[in-house]
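Architecture and fold: a report
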Amino acid sequence: MYATYMAHAAALVGFLVAPTGRRPARSSTITVTGYGLAAVGAATSVAGMRRFTGTTHVSGMGDDRVVRGGVYAWSRHPQYLGYVALLSGLACARRSIPAAASATGAAGALAWWVPVEERHLAALFGGTYQRYLLRTPRWLGLPAPRSDRGAGPRLRAAVRRASSRRRRG
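Residues numbered from 1 in each chain as written. Predicted model: local features only at pLDDT ≥ 70, side-chain atom pairs only at ≥ 80, totals over all residues. Heavy atoms only, no water.

Before going further, it helps to spend a moment on the overall build of the chain. Secondary structure assignment for the chain yields seven helices and zero strands. Helices and strands in the chain line up, N terminus first, as α-α-α-α-α-α-α. Out of the 169 residues belonging to the chain, those deemed buried represent 34%. Long-range pairs, those at least 24 residues apart, make up 74% of the contacts in the chain with a sequence separation of at least 6. (Helix = DSSP H or I, 4+ residues; strand = E, 2+ residues; numbered from the N terminus. Buried < 20%, exposed > 50% of the residue type's maximum accessible area, 1.4 Å probe, protein only. Contact = heavy atoms within 4.5 Å.)

To continue, consider the packing of aromatic side chains. Following the criterion strictly, the structure yields two aromatic pairs and no others. Taken together, a centroid distance of 6.2 Å and an interplanar angle of 40° make the contact between tryptophan 112 and tryptophan 113 tilted. A residue is classified by how much of its surface remains accessible, and tryptophan 112, at 60% relative accessible area, is exposed. Relative accessible area serves as the criterion here: at 30%, tryptophan 113 is assigned to the partly exposed category. Note on tyrosine 129 and tyrosine 132: the rings are 5.8 Å apart at their centroids and 50° apart in plane angle, and the pair reads as tilted. Here tyrosine 129 pairs with tyrosine 132, and both are found in helix α6 (residues 127-135), just three residues apart, close to one helical turn. The residues tyrosine 129 and tyrosine 132 share a single accessibility class, namely buried. (Phe/Tyr/Trp six-rings, centres within 6.5 Å; stacked < 30°, edge-to-face > 60°.)

One non-glycine residue with positive phi stands out, namely arginine 95, at about 55°. With respect to the helices and strands, arginine 95 occurs in the loop between α4 (78-94) and α5 (97-125). What makes arginine 95 buried here is its relative accessible area of 18%.

All right, on to the side chain of arginine 76 then. Along the polypeptide, arginine 76 turns up in the loop between α3 (54-58) and α4. Of note is the side chain of arginine 76, whose polar atom sits 2.8 Å from the side chain of glutamate 118. (Polar contact = N/O pair within 3.5 Å; in protein donor to acceptor, adjacent residues only side chain to side chain.)

Another aspect to go through is helix α2 (residues 28-50). Note that an α-helix has 3.6 residues per turn; residues three or four places apart therefore point the same way. For α2, built from 23 residues, the straight-helix expectation of 33 Å at 1.5 Å per residue is met to within 8% by its first-to-last C-alpha distance of 32 Å. Thr31, Gly34, Ala38, Gly41, Ser45 and Gly48 are the residues of α2 that are buried. Along its buried surface, α2 packs onto α4. (Expected span 1.5 Å × (residues − 1).)

Judged by side-chain polarity, Trp74, Trp139 and Leu140 come together as a nonpolar surface patch covering roughly 330 Å² of accessible area. As for its position among the elements, tryptophan 74 is in the loop between α3 and α4. (Patch = residues over 30% accessible without salt bridge, like charges linked within 9 Å, V, L, I, M, F, W, Y side chains within 5 Å. Areas by Shrake-Rupley, 256 points an atom, 1.4 Å probe, with all protein chains shown as cover. Salt bridge = Lys/Arg side-chain N within 4 Å of Asp/Glu carboxyl O.)

So this is what it looks like as structure tokens:
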């Protein structure tokens, strides 16, 4: 996964610094908004990573607890959310169509990956994770005491199976 992140980052840097010929006149509002979104995205992603210690936790190899505090109270995936916001903000600020395509591709890949990750976590943590996913939106929003926002039927079924296996074994 780290190699994918590095390759994507290298391509994005190339898109952002490559001359694109004639550009439309710079609008300071769009530029400031883009860089602002990029800064918020970077801060969100870093805040998500700081909740874990070491690369084993960030890469998913050190699963020993469900993190529910800090930015994880507002989003189940703040690292991914921040990454896409960072990419989108830079693409907007630099008015780069290839960078916007790269951000869209990253968002699509993460939208595919996140349900896989959530099924893994549901099987690993059972009821603890089920309560977390029922209270916390997948991407961004206010935490809810009782809601199943963002918890699709496949994920709820995986959580039920994991919970019943834990009780039996």
